[in-house]
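# Examination of the molecular architecture
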Amino acid sequence: MQNIDTSPLEKLRAYLETADLGEDGRLPPERELAEALDMGRTVLRKALATLQGQGLVWRHVGKGTFMGERPVASATDINALVLRTNPMEVMAARLAFEPEIARLAAANATGSQINDMRACAQKCRQAPTWRQYEHYDNRLHRSLGEATQNALLLALLDTMTTVRRAVTWSRRRDKPDRPPRDHHSFEQHDRILEAVAARDGQAAADAMRTHLRTVEQNLRESLGN
């Protein structure tokens, strides 16, 4: 892939970190995005291609460009899953799957990946809006998937995340506009990462399970269950 100037790429990265995208994570059309970022469409396409290669965005012909890694299932399959499931089923799937992701991450994460996870956790704490918090929270959980060094598990995690965004994140949040300073996830994320850094797979799995149980309880309360 041909190298592009750092400036347009970093400008696009900064935009993705702060953009208030729709629930499906779709970026604005290329013409609109190029104008907003004050760059040519050719330069924008090269930057998007670079981020796509890094798993930060994916493209669906005729639909547009979306945040995150391309799901292993097709868009049609994803839509069918969204229609057939509900928020509590999504949480049950996460509880069955993500603790084992954390366990494998503890065994296989590189030092660089652990540093990236810690950076995501810190940005969750600093996020000025729920949207940005959710962006970095998603990045953190995906980083754990990457740290398993298992492409199939990561693809399955990406598919589940896509469904989760559509089914769970579509609910409205009450005030305040950003996570409170004592939000439960901050300390729970730290415990997960401490276990991963210590190569303690059981502790990482247990910490992830505790985290997801809290998310599940909060979701039940928000749904009135």
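None of these values were measured; they are calculated from a predicted model. (Residues numbered from 1 in each chain as written. Predicted model: local features only at pLDDT ≥ 70, side-chain atom pairs only at ≥ 80, totals over all residues. Heavy atoms only, no water.)

## A few points about the overall build of the chain
Looking only at helices and strands, the chain features 10 helices and 2 strands. In the chain, which comprises 225 residues, the share counted as buried stands at 44%. Restricting to contacts in the chain with at least 6 residues of sequence separation, those with at least 24 account for 72%. On the chain, roughly 11900 Å² of surface is accessible, and the fraction owed to carbon and sulfur atoms is 49%. (Helix = DSSP H or I, 4+ residues; strand = E, 2+ residues; numbered from the N terminus. Buried < 20%, exposed > 50% of the residue type's maximum accessible area, 1.4 Å probe, protein only. Contact = heavy atoms within 4.5 Å. Areas by Shrake-Rupley, 256 points an atom, 1.4 Å probe, with all protein chains shown as cover.)

## A word on the packing of helix 6 (residues 111-126) against helix 7 (residues 130-147)
Two elements in contact, helix 6 and helix 7, have axes whose closest approach is 8 Å; the angle formed by their N-to-C orientations is 165°. Here helix 6 is positioned roughly antiparallel relative to helix 7, judged by the angle of their axes. Where helix 6 crosses over helix 7, the two elements pack in a sense that is left-handed. Residues Q113, M117, C120, A121, K123 and C124 of helix 6 touch helix 7, and the partners they reach there are Y133, Y136, D137, R139, L140, S143, L144, E146 and A147. (Axes fitted to C-alpha atoms, helices over the stretch in contact; angles between N-to-C directions. Parallel < 35°, antiparallel > 145°, perpendicular 65-115°, else oblique. Left-handed = near helix turned anticlockwise from the far one by under 90°.)

## Some remarks on the side chain of Q132
Relative to the assigned elements, Q132 resides in helix 7. In contact with Q132, not counting residues within four places along its chain, are E17, T18 and A127.

## Topic: the pattern of salt bridges
Going through the model one piece at a time under the given rule, you end up with 12 salt bridges. The network of salt bridges with shared partners includes E30, R41 and R45. (Salt bridge = Lys/Arg side-chain N within 4 Å of Asp/Glu carboxyl O.)

## Observations regarding the confidence of the model for the chain
Here the chain averages 86 in pLDDT, and 88% of its residues register 70 or above. Per-residue pLDDT, averaged within each element of the chain, yields its smallest value for helix 4 (residues 75-84) (77) and its largest for helix 9 (residues 184-197) (97). Across residues 1-5, where pLDDT falls below 50, the model places 7 contacts with residues more than four positions away in sequence or in other chains. (pLDDT = per-residue confidence, 0-100.)

## Points about the nonpolar core
Residues M117, L144 and V196 are the most contacted members of the largest nonpolar core, which totals 28 residues. Every element with two or more residues in this core is listed here: helix 5 (87-108), helix 6, helix 7, helix 8 (151-167), helix 9 and helix 10 (201-223). At 8 residues, the largest contribution of residues to this core is made by helix 5. Setting aside anything within four residues of it in sequence, one finds V196 in contact with A102, A105, A106, A109, I114, L144 and A204. (Core = buried A, V, L, I, M, F, W, Y, C linked by side-chain atoms within 4.5 Å.)

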